[in-house]
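# A structural walkthrough
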Amino acid sequence: MIESLLIANRGEIARRIIRTARRLGIRAIAVHSEADAGLPFVTEADEAVCVGPANPAQSYRNVAAILAAAKSTGAQAIHPGYGFLSENADFARTVEASGLIWVGPGADAITAMGDKINARNLMAAAGVPVAPGTTEPAADLDAALTAAGEIGYPVMVKAAAGGGGMGMGVANDEAALRTEYDKVRSFAERMFGDGSVLIERYFPRVRHVEVQILGLADGRVVALGERECSVQRRNQKLVEESPSPAVSPALRERFLAAAVRAGEAVNYRNAGTVECLLDPTTGEFFFLEMNTRLQVEHPVTEYVYGIDLVEEQLRVAAGLAPTFDPDALAPHGHAIELRINAEDPKRFLPGPGAIATWNEPAGEGVRVDSGYVAGNTVTPFYDSLMAKLIVSGVTREEAVERAKAAVAQFEIAGPKNNLPFFAELLENAEFLSGDYDTGIVSRMR
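Let us look at the structure shown here. (Residues numbered from 1 in each chain as written. Predicted model: local features only at pLDDT ≥ 70, side-chain atom pairs only at ≥ 80, totals over all residues. Heavy atoms only, no water.)

### Considering the pairing of strand 13 (residues 285-291)
For clarity, the cut-off: For every residue, the accessible area (1.4 Å probe, protein chains only) is compared with the maximum for its type, and the residue is labelled buried under 20%, exposed over 50%, or partly exposed between those bounds. A helix here means a DSSP run of H or I that spans at least four residues, while a strand means a run of E at least two residues long, and both kinds are numbered starting from the N terminus. Two strands form a pair only when DSSP identifies at least two bridges running between them.
Counted residue by residue, strand 13 has seven buried out of seven residues, so it is predominantly covered. Both strand 12 (residues 270-278) and strand 13 contribute to a ladder of six bridges, which runs antiparallel. Directly across from Leu277, in strand 13, lies its bridge partner Phe286. Between strand 12 and strand 13, which pair antiparallel in sequence order, lie six residues; one of them, Gly283, sits at a positive phi of approximately 80 degrees.

### Brief notes about the sheet that holds strand 19 (residues 385-393)
Operational definition: Angles here are taken between N-to-C directions and fall from 0 to 180 degrees, while the axes themselves are lines fitted to C-alpha atoms, restricted in helices to the stretch in contact. Contacts are assigned to residue pairs with any non-hydrogen atoms lying within 4.5 Å of each other.
Read across the sheet, eight strands follow the order 13-12-9-10-11-14-19-17 without closing on themselves; strand pairing throughout is antiparallel. With one partner strand each, in any of the chains shown, strand 13 and strand 17 (366-370) form the two edges of the open sheet. Across this sheet, the average inter-strand angle for adjacent strands is 25 degrees, counted without regard to direction. Where strand 9 (residues 207-215) lies against strand 10 (residues 221-233), six bridges are found, and the strand directions are antiparallel. The partner of Val209 across the bridge, within strand 10, is Glu228. Here helix 10 (residues 298-305) sits on the sheet in contact with strand 9, strand 10, strand 11 (236-242), strand 14 (334-341), strand 17 and strand 19, set at roughly 160 degrees to strand 14.

### Some remarks on the environment of Gly319
The topology assignment puts Gly319 in the loop between helix 11 (309-317) and strand 14. Residue Gly319 is classed as exposed on the basis of its relative accessible area of 52%. The sequence separation of Gly319 and Leu216 amounts to 103 residues, and the corresponding C-alpha distance is 8.4 Å.

### Observations concerning unusual backbone geometry
The amide bond that connects Tyr153 to the next residue, Pro154, takes the cis arrangement and shows omega of 0 degrees. Topologically, Pro154 is positioned in the loop between helix 7 (141-151) and strand 6 (155-159). Of the consecutive residues Ser242 and Pro243, the connecting peptide bond is found in the cis state with omega at 0 degrees. Positive phi, normally seen in glycine, also occurs at Asn267, with a value near 50 degrees. In this fold, Asn267 is placed in the loop between helix 9 (249-265) and strand 12. At Phe348, a residue that is not glycine, the phi angle is positive and equals roughly 60 degrees. Phe348 gets classed as buried once you look at its relative accessible area, which sits at 4%.

### So, helix 4 (residues 89-97)
To keep things clear, this is the line we draw: Comment: arc refers to directions from the helix axis out to C-beta atoms. Polar contacts here mean pairs of N or O atoms no more than 3.5 Å apart (in protein, one a potential hydrogen donor and the other a potential acceptor; neighbouring residues in sequence count only if both atoms are side-chain atoms).
Within the span of helix 4, buried status applies to Ala89, Phe91, Ala92 and Val95. Projected down its long axis, helix 4 shows its buried positions confined to an angular sector of 160 degrees, all on one face. Of the exposed residues in helix 4, those oriented more than 90 degrees away from the buried face are Asp90 and Ala97. Here the buried face of helix 4 lies against helix 3 (63-73), strand 4 (77-79), strand 5 (101-102) and helix 5 (107-114). The N-capping residue of helix 4, defined by a side-chain oxygen 3.0 Å from the backbone nitrogen of Asp90, is Asn88. One or two residues past the end of helix 4 sits Gly99, with phi positive at roughly 85 degrees.

### Points about the pattern of salt bridges
The cut-off we apply is this: By salt bridge we mean one thing: a side-chain nitrogen of Lys or Arg within 4 Å of a carboxyl oxygen of Asp or Glu.
A full pass over the atoms with the stated rule returns 41 salt bridges. The residue Arg227 makes a salt bridge to Glu210 at a minimum N-O spacing of 2.7 Å. Residue Arg227 is located in strand 10, and its partner Glu210 is located in strand 9; the two are separated by 17 residues in the primary sequence. A relative accessible area of 0% means that Glu210 is categorised as buried. Close ionic contact of Glu226 with Arg252 constitutes a salt bridge, the shortest N to O distance being 2.8 Å. On the criterion of sequence distance, the pair formed by Glu226 in strand 10 and Arg252 in helix 9 is long-range, its members being 26 residues apart. Each member of the pair Glu226 and Arg252 is classed as buried. A cluster of three or more residues bridged by salt bridges with shared partners is formed by Arg16, Arg19, Arg23, Glu302, Asp308, Glu311, Arg367 and Asp369.

### A few points about the packing of helix 1 (residues 11-23) against helix 11
Heads up, the condition is: Convention used here: angles under 35 degrees read as roughly parallel, angles over 145 as roughly antiparallel, angles from 65 to 115 as roughly perpendicular, and any remaining angle as oblique. With the far helix as reference, a near helix turned anticlockwise by less than a right angle produces a left-handed crossing, and one turned clockwise produces a right-handed crossing. Gly is put with the polar residues, along with every residue not named as nonpolar or charged; the nonpolar set is Ala, Val, Leu, Ile, Met, Phe, Trp, Tyr, Cys and Pro, and the charged set is Asp, Glu, Lys and Arg.
Where helix 1 meets helix 11, the axes come as close as 9 Å, and the angle between the chain directions of the two elements is 65 degrees. Relative to helix 11, helix 1 is oriented roughly perpendicular. Here the hand of the crossing between helix 1 and helix 11 comes out right-handed. On helix 11, the residues touching Arg16, Ile17, Thr20 and Arg23 of helix 1 are Leu309, Val310, Glu311 and Leu314. Of the residues contributing to the contact of helix 1 with helix 11, the split by class is four nonpolar, one polar and three charged.

### Regarding the packing of helix 3 against helix 4
As a packed pair, helix 3 and helix 4 sit with axes 11 Å apart at the nearest point and diverge in direction by 30 degrees. In terms of their interaxial angle, helix 3 and helix 4 are classed as roughly parallel. The way helix 3 lies across helix 4 gives a crossing that is right-handed. Only Phe91, Thr94 and Val95 of helix 4 make contact with helix 3, whose side of the interface consists of Val63, Ile66 and Leu67. Across the contact of helix 3 with helix 4, the residue classes break down as five nonpolar, one polar and no charged.

### Observations regarding the environment of Glu241
Of note, Glu241 is situated in strand 11. Note: C-alpha distance between Glu241 and Ile390 (149 residues apart in sequence) is 9.3 Å. Setting aside its immediate chain neighbours within four residues, Glu241 contacts Glu226, Arg227, Glu228, His334, Ala335, Ile336, Arg396, Phe431 and Tyr436. A polar contact of 2.6 Å, which involves the side chain of Glu241, links it to the side chain of His334. Within the local environment of Glu241, its side chain forms a polar contact with the side chain of Tyr436, the two groups lying 2.6 Å apart.

All quantities given are derived from atomic positions and should not be read as evidence of function.
Here it is, written out as structure tokens:
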């Protein structure tokens with residue numbers, strides 16, 4: 001097993017990786033910005049190195065500083081968490097070229113799945129269902145209009161290099177497409193340095209369902225069930241649950257088989273997620289993208305399958321067999337994750353600030369993965385995620401009841417937070433029925 005691990009990330013995910021490292025007897029090394037010096041992940045690590053000022057480009061995305069920290073501390077491996085450099089193929093190559101172990105998929109797989117158009121084409125060739133759309137970038141507005149005419153309105157306009165729900169727009173007609181094409185292209189050039197745009201069919205009513213895969217050290221790819229991710233604001237997830245209330249046993253078998261084919265198509269190793277759109281009317285599902293990293297919502301899979309995904313990542317990276325039997329995977333119970341963000345619960349606008357009170361809920365089936373404690377400050381420099389509240393139960397109904405109680409017990413004072421939204425959601429008839437889609441939040445507002 002790996003003996004020393006540098007975590008190239010911050011907040012709750014750094015703290016969560018440290019927890020597993022400590023259990024396994026691995027020396028955990030944190031890197032942090034000047035703004036994060038007082039956060040729990042820094043003090044809980046065995047060693048910590050400041051890699052720059054608050055600006056992520058000068059700290060958490062500063063490859064030279066992170067590699068220098070790894071060298072100075074004698075780190076054997078680097079875990080990138082999610083976000084920042086986690087899906088940067090050049091970083092993965094540089095880590096390995098430096099003689100370090102990269103805890104993630106190979107750089108070639110990251111490259112192959114990082115461009116949405118290339119990924120769509122690869123998946124189609126592998127027999128994974130893809131939505132009708134362009135097989136190459138729409139070079140200009142005329143090409144986009146032609147493609148939309150062939151696909152049929154409404155269409156989704158997407159940045160080919162985008163991710164995390166960013167760089168998307170919906171066009172219901174030609175006039176809207178003219179506006180959205182320019183808007184998405186400009187955003188993509190500014191945010192991703194790549195203005196390539198693709199056009200896909202847009203489904204007005206759709207569910208967002210994803211499959212957790214794990215590429216093992218022996219070359220096999222296994223699927224660890226699906227997660228429902230349809231509670232979203234601005235195309236970004238707020239709630240995830242496993243198993244999905246929309247997926248029947250027969251549909252689950254198709255989902256998991258397609259996800260395994262997706263991983264096999266790029267010789268995938270380590271943890272990854274195959275994201276799909278599910279048409280609840282027809283039961284058809286379509287490949288959306290593959291996230292070549294550990295997902296924010298991985299804890300619900302951990303609960304349902306009884307494994308530690310971070311430990312499995314470390315074992316794969318070290319060339320070791322998994323802790324579980326790949327031929328005897330079976331889900332048990334139900335788990336739900338709520339993303340506790342520093343944001344206005346009505347309009348979901350960021351609301352950073354100093355934390356005066358922070359009291360986490362506890363009890364059977366309740367877990368909190370947090371990045372903060374009372375006395376810390378949520379700064380405006382990073383994502384608004386403060387914590388993840390994960391609950392589990394034998395049934396979905398039991399998990400929901402535990403979620404209600406945990407939300408009521410969770411006390412946060414200082415920054416704005418979305419706990420009131422979750423209290424509302426957990427009483428919402430549509431959510432409670434399980435028959436909801438990606439429009440549920442907009443209907444609540």
